[in-house]
Structure formats: structure tokens, C-alpha cells
Amino acid sequence: MRHQADCIFCKIILGQIPCKKVFEDEEVLAFHDIHPVAPIHFLIIPKKHIAMLAEATLDDQAILGKMMCLAPKLAEEQGAEPGREGGFKVIVNNGAQGGQEVYHMHMHVLAGSRPWKVPGLG
Ligand code: AMP
Ligand code: ZN
């Protein structure tokens, strides 16, 4: 697996920085966001270092699809209510103007009883 030495999320994947793990397999890792903005807020990341969504290629479609398909399953495991009355929010920030701060592509999954707002989005 390609990792980048100065990447905080690669260090989490390698166990060099701790995380509160939600899910892990050979391709992806999910862990709780250190600064949650909703009652349930975790990140899903590919183990392969992809700096940003815009740098993903068609070779990455399976992993991106897996992350997307895992989101509802893991959200419910973390306590998100199912169906139309429940639900969750998925966000991928890309680049400075997209609000990205950590340059290892990640999917935010947010859920839980309202009210809560994602800064800059609502
Ligand atoms: P973004 O603005 O999309 O790049 O979001 C990066 C997210 O990573 C923020 O919500 C941070 O709170 C979160 N974060 C940064 N460092 C850590 C860490 N060590 N463990 C868990 N989450 C982190
Ligand atoms: Zn990385």
C-alpha cells in the first residue's frame, strides 16, 4: 500500500497516531472525527494515499464505490436511524475552496438527532 510519510491519515492507517476505529478492512479505514460537528461524525478513508477526490482516477472507482456503500451501513451501526425519518449526511471536501484541510481524501459521515449544522454548509 502506498503511504505518504508526512500525511496524518497515513500515520493513522499505520497505527503511528491513534484513532477511535469504526471499521477496517484491507482497503479502507473508518474512524471518529476528532472534532465532531454532529452527534455521530466519522471519516471513511482509503488506505491508499489519494490526496484529494480530484486526484482519484478510474482505477480508484471500486474503492470509492466501497466507501460510498459502507457509509449507510456504518452510520446505522453507529446509531443513525434508518429510513427517511432518520438518515445521515456524506461530505467530501476537495481543495482549499472546498474546505479541505487534510490532504488524504476522506468522506465525512454525519448523523444523529438534530439540531446540528456543518460549519459553512448547514
Ligand atoms: P477536511 O476539512 O474535510 O479536510 O476535514 C478534516 C477532518 O479531519 C476534520 O473534521 C478534523 O477534525 C479531522 N481530523 C484531523 N485530525 C484528526 C485525527 N487525528 N483524528 C481524527 N480526525 C481528525
Ligand atoms: Zn495519506
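Located above this text is the structure these notes cover.
Here's a quick rundown of the structure. The shown structure was predicted, so the numbers you read here are calculated from the model rather than taken from an experiment.

Spatially, the 5 strands line up as an open sheet ordered 1-2-3-5-4, and their pairing is antiparallel. The open sheet terminates on both sides in strands that have one partner only, identified here as strand 1 (21-24) and strand 4 (88-91). With strand direction ignored, the average angle separating the axes of adjacent strands in the sheet is 20°. Bridge analysis of strand 4 against strand 5 (residues 107-111) gives 4 bridges, and the strand direction is antiparallel. The partner of Phe88 across the bridge, within strand 5, is Ala111. Each of strand 1, strand 2 (28-32), strand 3 (40-46), strand 4 and strand 5 touches helix 2 (residues 61-77); the most contacted strand, strand 3, lies at about 160° to it.

Right, let's get into the coordination of the zinc ion (ligand 2). For the zinc ion (ligand 2), the full set of protein donor atoms is Cys7 (SG), Cys10 (SG), His49 (ND1) and His104 (ND1), at a range of 2.0 to 2.3 Å. The coordination sphere of the zinc ion (ligand 2) comprises 4 donor atoms, whose angles at the metal cover 104 to 116°; the geometry is tetrahedral. Here the donor residues for the zinc ion (ligand 2) map to a single chain with the spacing C-x2-C-x38-H-x54-H. A residue pair is termed long-range when its members are at least 10 positions apart, and Cys7 in the segment before helix 1 (8-13) and His49 in the loop between strand 3 and helix 2 qualify at 42 residues. Judged by relative accessible area, Cys7 falls into the buried class, the value being 5%. Look at His49 and you get buried, because its relative accessible area is 10%.

All right, on to the site of ligand 1 then. Taken together, 16 residues sit near ligand 1, with Asp33, Asn93, Glu101, His106 and His108 positioned nearest. One of the backbone N or O atoms of Glu101 is found 2.7 Å from an oxygen atom in ligand 1. Val102 places a polar main-chain atom, nitrogen or oxygen, 2.9 Å from an oxygen atom of ligand 1. Expressed as a share of its isolated accessible area of 500 Å², the protein-covered part of ligand 1 is 85%. Of all the elements in the fold, those that place two or more residues in the shell around ligand 1 are helix 1 and strand 2. Sort the elements by how many residues they give to the shell around ligand 1 and helix 1 lands first, with 3 residues.

On inspection of all chains with the given rule, the structure shows 7 salt bridges. Among the salt bridges present, the one from Lys47 reaches Glu24, with a minimum N-O distance of 2.7 Å. Taken as a pair, Lys47 in the loop between strand 3 and helix 2 and Glu24 in strand 1 lie far apart in primary sequence, 23 residues in all. Lys47 gets classed as buried once you look at its relative accessible area, which sits at 11%. Assessed through its relative accessible area of 34%, Glu24 is described here as partly exposed.

Calculation notes
- Residues numbered from 1 in each chain as written.
- Chains lettered and ligands numbered in written order.
- Predicted model: local features only at pLDDT ≥ 70, side-chain atom pairs only at ≥ 80, totals over all residues.
- Heavy atoms only, no water.
- Pairing = 2+ DSSP bridges.
- Helix = DSSP H or I, 4+ residues; strand = E, 2+ residues; numbered from the N terminus.
- Axes fitted to C-alpha atoms, helices over the stretch in contact; angles between N-to-C directions.
- Contact = heavy atoms within 4.5 Å.
- Donors = N, O, S within 2.8 Å, 3.2 Å for Na, K, Ca; no water.
- Tetrahedral: all angles 85-135°; square planar, octahedral: opposite > 155°, others 65-115°.
- Buried < 20%, exposed > 50% of the residue type's maximum accessible area, 1.4 Å probe, protein only.
- Near = heavy atom within 4 Å.
- Polar contact = N/O pair within 3.5 Å; in protein donor to acceptor, adjacent residues only side chain to side chain.
- Areas by Shrake-Rupley, 256 points an atom, 1.4 Å probe, with all protein chains shown as cover.
- Salt bridge = Lys/Arg side-chain N within 4 Å of Asp/Glu carboxyl O.

So far we have only geometry, and geometry alone does not tell us how the molecule works.
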